[in-house]
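Structural characterization, general
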Amino acid sequence: QVRLVESGGGLVQAGGSLRLSCAASGRSFTGLTMGWFRQAPGKEREFVAGINWSGGSTSYTDSVKGRFTVSRDNAKNTMYLQMNNLKPEDAAVYYCNTWPINGFASWGQGTQVTVSS
């Protein structure tokens, strides 16, 4: 399985911004649709945003539309999530993986995003 490492999380105030990165090592995610997922305390992991191989097609869960932007740099085997106007309800551990989940990559440790009111 490819190893995916998430980074870029941190503590921000409501209305602030963060840029998350998802870097692949061991293998690339050539040709794969990728996605960002998040899991808040006491809640199930949910889909946040996805992007196809070329980057020409993206998808977002309704709660982040207009605020988050997913992109990827295939030459660097890296996917990004630009998060603007963060809200307390965005606080979660953010993970990346293939979308849909197909076993190509295992779940990593994620990166913690904390948003203060």
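So, here's what we can say about the structure. (Residues numbered from 1 in each chain as written. Predicted model: local features only at pLDDT ≥ 70, side-chain atom pairs only at ≥ 80, totals over all residues. Heavy atoms only, no water.)

1. What about the nonpolar core?
Ranked by size, the top nonpolar core spans 30 residues in total, and within it Leu 4, Trp 36, Phe 68, Leu 81, Met 83 and Tyr 94 carry the most contacts. Mapped onto this core, the elements with two or more residues apiece are strand E3 (18-25), strand E4 (34-39), strand E5 (46-51), strand E7 (68-73), strand E8 (78-83), strand E9 (92-98) and strand E10 (111-116). If sequence neighbours within four positions are ignored, Leu 81 has contacts with Leu 18, Arg 19, Leu 20, Trp 36, Val 48, Ala 49, Phe 68, Thr 69, Val 70 and Tyr 94. (Core = buried A, V, L, I, M, F, W, Y, C linked by side-chain atoms within 4.5 Å. Buried < 20%, exposed > 50% of the residue type's maximum accessible area, 1.4 Å probe, protein only. Helix = DSSP H or I, 4+ residues; strand = E, 2+ residues; numbered from the N terminus. Contact = heavy atoms within 4.5 Å.)

2. Digging into the packing of aromatic side chains
One pass over the full model with this rule turns up four aromatic pairs. Ring centres of Phe 47 and Trp 99 lie 4.4 Å apart, and the angle between their planes is 15 degrees; on these two criteria the pair is classed as stacked. Pair noted here: Phe 47 is in strand E5 and Trp 99 is in the loop between E9 and E10, with a separation of 52 residues, a long-range link. Owing to a relative accessible area of 29%, Trp 99 belongs among the partly exposed residues under this scheme. On the numbers, 5.9 Å between centres and 80 degrees between planes, the contact of Tyr 95 with Trp 107 is edge-to-face. Highlighted residues: Tyr 95 in strand E9 and Trp 107 in the loop between E9 and E10, separated in sequence by twelve residues. On the basis of relative accessible area, Trp 107 is assigned to the partly exposed category, the value being 32%. Ring pairing ties together the aromatic residues Phe 37, Phe 47, Tyr 95, Trp 99 and Trp 107, which thus form one cluster. Sitting over the face of the ring of Tyr 80, Arg 19 holds its NZ or CZ atom 4.1 Å from the ring centroid. (Phe/Tyr/Trp six-rings, centres within 6.5 Å; stacked < 30°, edge-to-face > 60°. Lys NZ or Arg CZ within 6 Å of the ring centre and 35° of its normal.)

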